[in-house]
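# Fold and geometry: a report
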Amino acid sequence: MILTADCILPVSSPPLHHGAVAIQGSKILDVGDMESICRRYPDLPLRELKGCVLMPGLVNAHTHLELTLLRDRLSTVDDFISWLLALIPAKMKMTPDEIEESIRTGAEQSLSSGTTCIGEITNTLSSPRILGEKGLRGVVFLEVLGRNHIDPDEWGDEVIRRLRAFEHDPSGRITMGISPHTPYTLSVDRLQVLSGLLRKESLPYTIHVSESREEQEYFLEQSGGFKSRLFPAVGWQDHPDPIGALSPLLYLDRFGLVTDRLLIAHGVYLSPEDMDRIREAGARVVICAGSNQMLGVGRPPIRSLMQKNIPVALGTDSLASNTSLSLWDEMRHVYALVKDAPPITADSVLSMATLGGAQGLGLASDIGSIEPAKEADLIAVEWEEPRGDDPATDLISRTQDRHIRMVMVGGRIVKNKKI
Ligand SMILES: [Zn+2]
């Protein structure tokens, strides 16, 4: 198939006005100007996407779709610990049917806004199958946590057993990873087990790190709201605290967990020293600015991460801490935070939502940009009355779900707006 559009935004190269993308099977065969692509592949059927920009599908690198139905249901978000304490019982009250419905609804909302790939954190064994059936691509990370005493070997076996028990996605587009929840919700024993397991299994993994001021206080001073409010509420007050004054990131590094397979979620309080270590290890960061604002934890250090050349991805996090699963809303939020002097361009923000996400999930050789031999994960976005030669600024400022004309994952059209 050949798709033509008013403008192709490959992300990894400059925009192509009146361009075309040739697709064969699940992959991109070629990209170039309309005439030459049509001349080169005369046998491929043609589809014209008039009035549209064709670009890579969006990559939401951090979400928990099983919490989708919790939108607006948590009674208090006064501060980070109140939110955590409201989330735990709300999540426990959800029935298996509600959780599956949450995942389905979240997958549909994601596709409707042009997201083709997600980094999904889950406890639900049917999650990969459901996401695969919906047509998404992604990495599903099994969430693990706990600080109470256990036999470490038995716990490690249990983690492996749960990983193997996941219902596979027959399409093969959904792969597995692990999500050690946070440095403060895992005991030393468990972090040691995970470190060994991740070395052996060579899986991608993602950890919530440096999300809140309370997390910094706990690791740097062994004091604050985690000790006085969170741990007593969940029965963890008697368990030993980390010794010394290390940042959460450098604490994880002690266990060998800062590697090129680590995707750090949030990173609001990362220090320059943390960032140097992240850069050196080849780890990545997914920022969730909308969630950070809703929980009042602060602003992610986007500019510093970019100055250190650390790959930055975008994530919505879940609807328990955000009002939208659309990365367009997330891009608008991020762009508003960074566009002032020294400017970060709309192109950079669009790149975070596509190629940055692919890098974050370890999928950059397959997706994230329009290049020959990559998977054909593409979206067509209606581009009304372009204001100038800067499609990225136009798209970020205006795109809503109703502007998504077509969504393609692996060469297959999974959403098609009737016009
Ligand atoms: Zn999260």
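Procedures and definitions
Within each chain, residues carry numbers counting from 1 in the order of the written sequence. Selection of residues for local features in this predicted model requires a pLDDT of at least 70, selection of side-chain atom pairs for listing and counting requires 80 or more, and totals for whole chains, interfaces and linings are taken over all residues. A helix here means a DSSP run of H or I that spans at least four residues, while a strand means a run of E at least two residues long, and both kinds are numbered starting from the N terminus. The reference for a compact globule is 2.2 Å times residues^0.38; the radius of gyration itself is calculated from the C-alpha atoms. Each residue is classed by its C-beta neighbour count within 10 Å, where at least 20 other C-beta atoms makes it buried, 12 or fewer makes it exposed, and intermediate counts make it partly exposed; the C-beta atoms are placed from backbone geometry. Once C-beta atoms have been placed from the backbone, residue pairs whose C-beta atoms lie within 7 Å are recorded as contacts. Defined on buried residues, the nonpolar core groups Ala, Val, Leu, Ile, Met, Phe, Trp, Tyr and Cys residues joined through C-beta atoms within 7 Å. Domain start and stop points were drawn from an automatic or database domain assignment. Strand pairing requires that DSSP identify at least two bridges connecting the strands. By the convention adopted, Pro, Cys, Tyr, Trp, Phe, Met, Ile, Leu, Val and Ala count as nonpolar, Lys, Arg, Asp and Glu as charged, and the other residues, Gly among them, as polar. Axes, fitted as lines to C-alpha atoms, cover a helix only where it is in contact. Angles between the N-to-C directions of the axes lie from 0 to 180 degrees. When an angle is under 35 degrees it counts as roughly parallel; over 145 it counts as roughly antiparallel; between 65 and 115 it counts as roughly perpendicular; any other value is oblique. Here a crossing is taken to be left-handed if its near helix is turned anticlockwise relative to the far helix by less than a right angle, and right-handed if that turn runs clockwise.

## Considerations on the overall build of the chain
Helices and strands together make up the secondary structure of the chain, namely 15 helices and 15 strands. A compact globule built from 419 residues should have a C-alpha radius of gyration of about 22 Å, and the chain, at 21 Å, falls within 12% of that. Put simply, the chain has 419 residues, and 49% of those count as buried. Once local pairs closer than 6 in sequence are excluded, the contacts in the chain between residues at least 24 apart make up 72%.

## A few points about the environment of threonine 354
Checked against the element boundaries, threonine 354 lands in helix H14 (residues 346-360). On the neighbour-count criterion, threonine 354 (29 C-beta atoms within 10 Å) is buried. In this structure, the C-alpha to C-alpha distance between threonine 354 and threonine 115, residues 239 residues apart in sequence, is 9.1 Å. Excluding residues within four positions of it along the chain, threonine 354 makes contact with Val11, Pro56, Leu58, Val59, Gly368 and Ser369.

## Examining the nonpolar core
Within the largest apolar cluster, 115 residues are counted, with the highest numbers of intra-cluster contacts made by Val21, Val53, Leu54, Leu314 and Met331. With seven residues, the single largest contributor to this core is H14. Counting contributing residues, this core receives three or more from each of domain 1 (2-57 + 370-416) and domain 2 (58-360).

## Details of the pairing of strand S2 (residues 16-24)
Pairing of strand S1 (residues 2-8) with S2, which is carried by six bridges, proceeds in the antiparallel orientation. Each residue of the ladder has a partner; that of isoleucine 2, found in S2, is alanine 22. With six bridges connecting them, S2 and strand S3 (residues 27-33) associate as antiparallel partners. What sits directly across from glutamine 24, in S3, is lysine 27. Hairpin connection, S2 to S3: the antiparallel pair is bridged by two residues, and glycine 25 has positive phi, about 60°.

## A closer look at the domain arrangement of the chain
For the chain, the assigned domains are domain 1 (2-57 + 370-416) and domain 2 (58-360). With 20 residues of domain 1 at the interface, the matching set in domain 2 holds 24 residues. For the side of domain 1 that touches domain 2, the elements supplying multiple residues, two or more each, are strand S13 (378-382), helix H15 (391-398), strand S14 (404-409) and strand S15 (412-416). When grouped by side-chain class, the residues that make up the side of domain 1 that touches domain 2 number 10 nonpolar, five polar and five charged.

## A word on the packing of H14 against H15
Direction vectors running N to C along H14 and H15 enclose 65°, while the axes themselves pass 8 Å from each other. When the axes of H14 and H15 are compared, the pair comes out roughly perpendicular. Helix-helix and strand crossings are classified by hand; for H14 and H15 the assignment is left-handed. Along the contact surface, H14 presents Ala346, Asp347, Val349 and Leu350, while H15 presents Ala392, Thr393 and Ile396. Of the residues in the contact of H14 with H15, the class split is five nonpolar, one polar and one charged.

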